[in-house]
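# Reading the structure
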Amino acid sequence: MVTPLKRFMLLGVGGKLAAGWKPARQRAIDFASYLVIRLVVAVIQTLPLDLGDALCRLLATLICRLGPLRKHTTATNLKQVFPHASERQRKALEVSMWHSLMLMVCEIAWAQRRLHLTNWSQYVRFRNSRDILRNCLSKRPTVMVTGHFGNFEIGGYTAGLMACESTTIARRLDNPFLDDWVHRFRSAKGQRMLDKDGCAIQVDQHLADGGTLAILADQHAGPKGCWTKFLGVPASCHKALALFSLGSGAPMLAGSTRRIDGQPMRFETACVAVADPQDDPRGDCESVESLTKWYNRQLAISVSEAVEQYWWLHRRWREPPPRVAKRLAKAA
């Protein structure tokens, strides 16, 4: 295994690794950032849950009052989705979102030390577990979709803990040392990670072999994506998600892992709904467009259960092309 220090040494003598070559100054900055973050994580792992939660609330308040982090994007998203909310209500939701994000980081650090096969029931409960198990244990392929909601990293970690191995598509982090560390956490319990660039052939083979594919389904797909409404606002979705299911005949599971009542390290992993191309009385799997609309509806249902746990700073919504805007307005 290539440790962060070995990676630094290899890059320092001109080696080229998967993350690519970087100038010496940038390598040093990346490595220093990695060391600082690992030190912070080490401190977090020693904290009791209530103290960690209190610190996250304090950080969330400071970020909203002082920091410029994604302020415009967050404000625009909240205004579009909650047009009738007051400015005070949207501001309170922004603070709650940042608290949830800070807590997510703490939970990822805590999970490595506290969440195990012998004690998982203290931290995680399942809703519609029969649907989850039926599809995880089936010989058929499965496509699982969720969004930037709750603590999806803990969802993948717990699934691996339950021996429900899956392949996940994710973008590499710009910092190669942090990318290695996050990759080790994600794959610790059986998740296999694929870089989103050039993974189509591997995904097709994985599904053909009856594997499980897990995807964050609320990524912006650009003007040529499949446009539909998510939380009442036009959004562009990747057509590949629906094609993975329709092309392989795999059931699509829409799920989520949300924090229960805002409590740290207390989660509910749920299967919200299932769309099966081989059993489709409502026609959800008739086309790419219909299946895309279906999973966006299910993700919206998840978000409605705990709106403060969605990533409102995420650049999910963009201005659709004029012809798309006209079509969506007519459909409404």
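Up top is the structure these notes are about.
Scope of this entry: the structure provided in the associated data block. Just so we're clear, the structure is a prediction, and the values are computed from it rather than from any experiment.

## Observations concerning the nonpolar core
Counting 70 residues, the largest nonpolar core has Trp98, Leu115, Tyr295 and Trp312 as its most contacted members. A per-element tally of this core places helix H5 (residues 87-114) first, with twelve residues. Ignoring any residue separated from it by four or fewer positions in sequence, one finds Trp98 in contact with Ala60, Ile63, Cys64, Leu69 and Leu313.

## Here's the deal with the pairing of strand S3 (residues 167-170)
Of the two faces of S3, the one lined by Thr167 and Ile169 and the one lined by Thr168 and Ala170 are each fully buried. Here S3 runs beside strand S4 (residues 192-195); their pairing, made up of four bridges, is parallel. Looking across to S4, one finds that Ile169 is bridged to Leu194. Taken together, S3, helix H8 (residues 176-187) and S4 constitute a β-α-β crossover, and its handedness is right-handed.

## Some remarks on the environment of Met144
Among the structural elements, Met144 can be located in strand S2 (residues 142-146). Taking relative accessible area as the criterion, Met144 reaches 26% and is therefore assigned partly exposed. Residues Met144 and Thr168 lie 24 residues apart in sequence; the distance between their C-alpha atoms is 9.4 Å. Setting aside anything within four residues of it in sequence, one finds Met144 in contact with Thr212, Leu213, Ala214, Ile215 and Leu253.

Rules used in this analysis
Residues numbered from 1 in each chain as written. Predicted model: local features only at pLDDT ≥ 70, side-chain atom pairs only at ≥ 80, totals over all residues. Heavy atoms only, no water. Core = buried A, V, L, I, M, F, W, Y, C linked by side-chain atoms within 4.5 Å. Buried < 20%, exposed > 50% of the residue type's maximum accessible area, 1.4 Å probe, protein only. Helix = DSSP H or I, 4+ residues; strand = E, 2+ residues; numbered from the N terminus. Contact = heavy atoms within 4.5 Å. Pairing = 2+ DSSP bridges. Right-handed = clockwise from strand over helix to strand, strands pointing away.

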